[in-house]
Amino acid sequence: MHEGMLRDPTTTLQAEDLQAGSSYGIPGLTQQTYGSLRASDEIIDEGHFIGKSIGEAMNGYRPIVELMNTNFGIYGMAEIASCGNTYLQSGGQFKLPLTILGAGGTAPDQALGAEHSQPLHAYIMGVPGLKIATASSPEAAYGITKSMIRDDGPCFLIFPVKLMNQIKGTVNLGQCMPLKAALLHKASDESVKSGNAVTVLTYLHGVKESMDSIEQLNENGMDIDLIELRTLKPLDMETIRDSLQRTNKLCILDESTRSGGVGATISSRVCEEMFDLLDAPVIRLAMDNTPVPYASSMEKVVVKRSTDLIESVMNLCTSRV
């Protein structure tokens, strides 16, 4: 974010509680560095400052919007839909370089309640012209943010809210990251040959849950191709196809609801475009169609996690589906 604002004086920033660095320090020290005209401390009205940013983007600026929690983007849904549609409808007459980013998603044992655990990324999947990405590591967050700020269309980037203060790491300064899925763990050749390998697609908190499952799966002679969906729209179908050609089995650990969710879109496209690669039905581990409970004991029924993934991979490998 600082690099973008230093590189291009037309890059601006809007966020709530900006002087204090917002909730997770994402826009920290921006107003102190660039002044209140370029780094605006906004009122608690997401529709207002997302709309303001659209106007800036259509008039030669390159705005960034940081949301304290992406769930609050619901209050700017009309504006989010407008920026995607306007970008495409103008037929190239308007550039609309708007980047919206923030922490969101629904983690196991998150305890944030229904209002802070909604899958906004699924709600906005149908908006034309909008790129949607996720990043579960500092390296991905840095590289994708850098790419999106330089993009001439509207982009939305989501970070895993529960992991914001937990995951630390180094980044490759100056490197933009393409909007592609990332193969984080490759199943062993032995597991592939024996039919005990499964392609797992996930994103946000699902990446950590999937990584946590690998050791136990390996102990039982099974393995996974773990693919982080760093781009939800457009989907990187090529990376998915490459993995399915090896494993022929697919499990989606999804951080959205079973109805109208990200996993539903992926599953339908895989079945339409790669049906001949599947040796078993696609398994979707999605949130139930219900508000996410605050109590962790109740939340376990709604929000899927590593234990659910382990069970599903074992079922796929032992032909129990």
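Note that residues are indexed from 1 along each chain, following the sequence as it is written. Given that this is a predicted model, residues contribute local features only at a pLDDT of at least 70 and side-chain atom pairs are listed and counted only at 80 or more, while totals for whole chains, interfaces and linings are drawn from all residues. Hydrogens are left out, water is left out, and the side-chain values use all remaining heavy atoms of the structure.

Draft legend 1. Layout of the layout of surface pockets. The method works on a 1 Å grid over the protein atoms by themselves. A cavity is a set of points holding a 1.4 Å probe that cannot get out, a pocket is an open set with protein on both sides within 12 Å along at least five of seven lines, and residues with an atom within 4 Å of a point line them. Grid points are joined across faces, edges and corners, and a volume is the space filled by probe spheres set on the points. Of the voids in this model, the largest pocket is the one considered here, and its volume is about 740 Å³. Elements supplying a minimum of two residues to the lining of the largest pocket: α1 (2-7), α6 (138-150) and β6 (155-160). Only DSSP runs of H or I with at least four residues qualify as helices, and only runs of E with at least two residues qualify as strands; both kinds are numbered from the N terminus onward.

Draft legend 2. Spatial organisation of the packing of helix α8 (residues 205-219) against helix α12 (residues 306-317). For the pair α8 and α12, interaxial distance at closest approach is 9 Å and the crossing angle is 50 degrees. One way to sum up the angle between α8 and α12 is to call them oblique. For the crossing formed where α8 meets α12, the hand is right-handed. Residues Glu 209, Ser 210, Ser 213, Gln 216 and Leu 217 of α8 form the contact with α12, whose own contacting residues are Ser 306, Leu 309, Ile 310, Val 313 and Met 314. Under the scheme applied, nonpolar residues are Ala, Val, Leu, Ile, Met, Phe, Trp, Tyr, Cys and Pro; charged residues are Asp, Glu, Lys and Arg; polar residues are all the others, including Gly. Of the residues in the contact of α8 with α12, the class split is five nonpolar, four polar and one charged. For helices, the axis comes from a line fit to the C-alpha atoms of the stretch in contact; other axes are also lines fit to C-alpha atoms, and the angle between any two N-to-C directions lies between 0 and 180 degrees. Roughly parallel refers to an angle under 35 degrees, roughly antiparallel to one over 145, roughly perpendicular to one between 65 and 115, and oblique to any angle outside these ranges. The sense of a crossing depends on the near helix, which, turned anticlockwise from the far helix by less than a right angle, makes the crossing left-handed and, turned clockwise, makes it right-handed. Here, residues are in contact when the closest pair of their heavy atoms is within 4.5 Å.

Draft legend 3. Expanded view of the nonpolar core. Put simply, buried Ala, Val, Leu, Ile, Met, Phe, Trp, Tyr and Cys residues joined by side-chain atoms within 4.5 Å make one nonpolar core. Only protein chains enter the calculation, and the probe is 1.4 Å; a residue is then buried if its accessible area is under 20% of its type maximum, exposed if over 50%, and partly exposed in between. Grouped together as the largest cluster of nonpolar side chains are 40 residues, with contacts concentrated most on Ile 240, Ile 266 and Val 270. Among the elements of the structure, α3 (46-57), β3 (62-67), α4 (77-89), α5 (120-123), β6, α9 (237-247), β11 (250-257) and α10 (262-273) are those that each provide at least two residues to this core. The biggest single contributor to this core is α3, with four residues. Sequence-distant contacts of Ile 240, that is, excluding residues within four places in its chain, are made with Leu 201, Ile 227, Leu 229, Ile 266, Val 270 and Met 274. Counting residues in each nonpolar core, the second largest holds 23 residues, with Met 1, Ala 133, Met 148 and Cys 155 among its members.

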